[in-house]
Amino acid sequence: MTRAITLIGAGRMGFAMARGWVAGGDVALSIVDPAPGGETRDWASSAEVALNPDPAPVDVLVIAVKPQVFPAAIPNITPWIGKDTLTLSVMAGVTLARLGSVLGTDRIIRAMPNTPGAIGQGVSLVAPGSGVRDGDFQTTVDLLSPLGLVEGPLDEESLVTATAVSGCGPAYVFLLAELMAEAGAARGLDPELSSRIARATVEGAAALMAQSEEAPAALRQAVTSPGGVTKAALDVLMAEDAAPSLFKRAFEAAEKRDAELSSE
Ligand SMILES: NC(=O)c1ccc[n+]([C@@H]2O[C@H](COP(=O)([O-])OP(=O)(O)OC[C@H]3O[C@@H](n4cnc5c(N)ncnc54)[C@H](OP(=O)(O)O)[C@@H]3O)[C@@H](O)[C@H]2O)c1
C-alpha cells in the first residue's frame, strides 16, 4: 500500500531520510520547505516528489526543522495532521508533551537520528508517545531503517541520554581526529601530515571495529602492550579526572541543553 508522507524541512537530516524513503518505494512524498536548495529541487522533480503542495491530512507527517524554527512553522504543520495521521518528530529537545499540546494530537513519535544516516550508517533512537496505535512503532522503524540501526522503543528520558551518545556522537569522533592532529602539530609534526594521519587513523580504527565482533575495550587492550607507548598515553587519557570525567560532564551539558530547547 502506498503511504502518503509529508516532510516538513528538507535540510541535512530531512533530505537524507527522504532519499531513503523514495529508494525504498511505495511512498507518495511531499516536501514542505520555504526555500529548498537546488539539489533538493532537482531531486524532487526527478523523483516525482511534490514540493510545497497544498496541505491535506497524510498518513505520516515528519517534522525535521530546527527546534528554534518550530514555533514559527506550526501553522504550516497542523493542516497536514488529520485523525489518522502519525506525526514523527526528529527535532532535538522538543518533548512529546509540547508536541502534543501545540499540534493537537497525541499520536506522536519522537526520534533522534544522526548524520551518518546520510550514508546508511546512522543510529536512530525512537520514543513513542502515549497515543500511538498498533503498527506505528514499526512504521517508524521502517522509515528510519534506510538510515542504519534503529533502537527503541525508549522512554523519553532515555532518549535524551541516548541522544548524548549517538545524536552528538559523530561530533565527538570528528573532534577526536581534530585533537589528535593538533596534538601532533603541537609536538612539532607538520600540521598537514598530522591532520592526514589523524583522520586516516580514526577512519581505519572505526572500519576495524565495524569488522570485528570484539568489544571496543578488547580492541583497545589488544593494541596496548604492558609498559608500552600506547599504555603511557592511555594512562593520561583514562585517569579518573581526564576523559571519563569529561564525558560525564559533556553528557550532563547535552541533557541540560535538551531541556532548555524544550522550553525555548
Ligand atoms: N543534523 C543532525 O545531526 C541531527 C540529528 C538528529 C536530529 N536532528 C534534528 O533534525 C532537525 C533538522 O536538523 P538539520 O541538521 O537537518 O537542520 P537543517 O539542515 O537546518 O534543516 C532544516 C530545514 O528546514 C527548513 N525550514 C526552515 N523553516 C521552515 C519552515 N517554516 N517550514 C519548513 N521547513 C523549514 C530549512 O530551510 P532553510 O535552510 O531555508 O532555513 C532547512 O532546509 C533539527 O530539529 C535537529 O534537532 C538533526
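Predicted model, so just to flag it, every value in this text is computed and none were measured.

Our next topic: the sheet that holds strand β2 (residues 27-32). With mixed pairing, eight strands are arranged side by side in an open sheet as β3-β2-β1-β4-β5-β6-β7-β8. The open sheet terminates on both sides in strands that have one partner only, identified here as β3 (50-51) and β8 (148-151). When strand β1 (residues 3-8) meets strand β4 (residues 60-63), the two strands line up parallel, connected through four bridges. What sits directly across from I8, in β4, is I63. Those strands touched by helix α6 (residues 156-167) are β6 (108-112) and β7 (122-128), and its axis lies near 170° from that of β7.

Attention now goes to the environment of L86. With respect to the helices, strands and loops of the structure, L86 is situated in strand β5 (residues 86-89). Given a relative accessible area of 1%, L86 falls into the buried group. The spacing of L86 and G25 is 61 residues in sequence and 19 Å in space, taken between C-alpha atoms. Those residues in contact with L86, other than ones at most four positions away along the chain, are D59, V60, L61, R107, I109, D136, T139 and T140.

Before going further, it helps to examine the pairing of β4. The two faces of β4 match: V60 and V62 on one face and L61 and I63 on the other face are all buried. Where β4 lies against β5, four bridges are found, and the strand directions are parallel. Within the sheet, the bridge partner assigned to V62 lies in β5 and is L88. Each parallel crossover has a hand, and for β4 linked through helix α3 (residues 70-77) to β5 it is right-handed.

Once the domains are mapped, the chain shows domain 1 (3-154) and domain 2 (169-263). A separation of 32 Å is found between the C-alpha centroids of domain 1 and domain 2. At the junction of the two partners, domain 1 supplies 10 residues and domain 2 supplies five residues. Buried area between domain 1 and domain 2, both sides added, is near 550 Å², and the carbon and sulfur share of it is 52%. Together, Q68, G93 and R98 form the three largest contributors to the area buried by domain 1 at its contact with domain 2, with a combined 48%. Applying the counting criterion to the domain 1 and domain 2 interface returns one salt bridge.

So, about the packing of α6 against helix α7 (residues 169-186). The contact between α6 and α7 brings their axes to 5 Å, and the two run at 35°. Contact residues: A164, V165, S166 and G167 in α6; G169, P170 and Y172 in α7. Within the contact of α6 with α7, the residues separate by chemical class into four nonpolar, three polar and no charged.

Below, the discussion takes up the site of the ligand. In the vicinity of the ligand, 22 residues are found, and the nearest of them are R12, M13, D33, V65 and P113. Within the side chain of R12, a nitrogen or oxygen atom sits 2.9 Å from an oxygen atom of the ligand. When the ligand sits alone it has 880 Å² of accessible area, and the protein chains cover 77% of it. Tallied by class, the residues present in the shell around the ligand amount to 16 nonpolar, three polar and three charged.

This part covers helix α1 (residues 12-24). Look at α1: 19 Å from first C-alpha to last across 13 residues, which is about the 18 Å you get at 1.5 Å a residue. Turning to α1, its buried residues number three or more, namely M13, G14, F15, A16, M17, A18, G20 and W21. Just downstream of α1, G25 is the residue with a positive phi angle, here 80°.

Our next topic: the packing of aromatic side chains. Overall, the coordinates contain four aromatic pairs when judged by the stated rule. Joined through ring pairs, the aromatic side chains of Y172, F247 and F251 make up one cluster. Between R19 and the ring centre of F15, over which it is positioned, the NZ or CZ distance is 4.2 Å.

So, about the side chain of T87. Counting through the fold element by element, T87 comes out in strand β5. Setting aside chain neighbours within four positions, we find T87 in contact with L61, I63, I81, L103, T105, R107, I108 and I109.

Here we take up the pattern of salt bridges. Inspection of every chain in the model, using the stated rule, returns 11 salt bridges. Note that E260 and K256 form a salt bridge whose closest N and O atoms lie 3.3 Å from each other. Of this pair, E260 and K256 both sit in helix α11 (residues 243-263), four residues apart, which is roughly one turn of the helix. Taking relative accessible area as the criterion, E260 reaches 30% and is therefore assigned partly exposed.

Conventions we followed
- Residues numbered from 1 in each chain as written.
- Predicted model: local features only at pLDDT ≥ 70, side-chain atom pairs only at ≥ 80, totals over all residues.
- Heavy atoms only, no water.
- Pairing = 2+ DSSP bridges.
- Helix = DSSP H or I, 4+ residues; strand = E, 2+ residues; numbered from the N terminus.
- Contact = heavy atoms within 4.5 Å.
- Axes fitted to C-alpha atoms, helices over the stretch in contact; angles between N-to-C directions.
- Buried < 20%, exposed > 50% of the residue type's maximum accessible area, 1.4 Å probe, protein only.
- Right-handed = clockwise from strand over helix to strand, strands pointing away.
- Domains from an automatic or database assignment.
- Buried area = accessible area lost by both parts, 1.4 Å probe.
- Salt bridge = Lys/Arg side-chain N within 4 Å of Asp/Glu carboxyl O.
- Nonpolar A, V, L, I, M, F, W, Y, C, P; charged D, E, K, R; others polar.
- Near = heavy atom within 4 Å.
- Polar contact = N/O pair within 3.5 Å; in protein donor to acceptor, adjacent residues only side chain to side chain.
- Areas by Shrake-Rupley, 256 points an atom, 1.4 Å probe, with all protein chains shown as cover.
- Expected span 1.5 Å × (residues − 1).
- Phe/Tyr/Trp six-rings, centres within 6.5 Å; stacked < 30°, edge-to-face > 60°.
- Lys NZ or Arg CZ within 6 Å of the ring centre and 35° of its normal.

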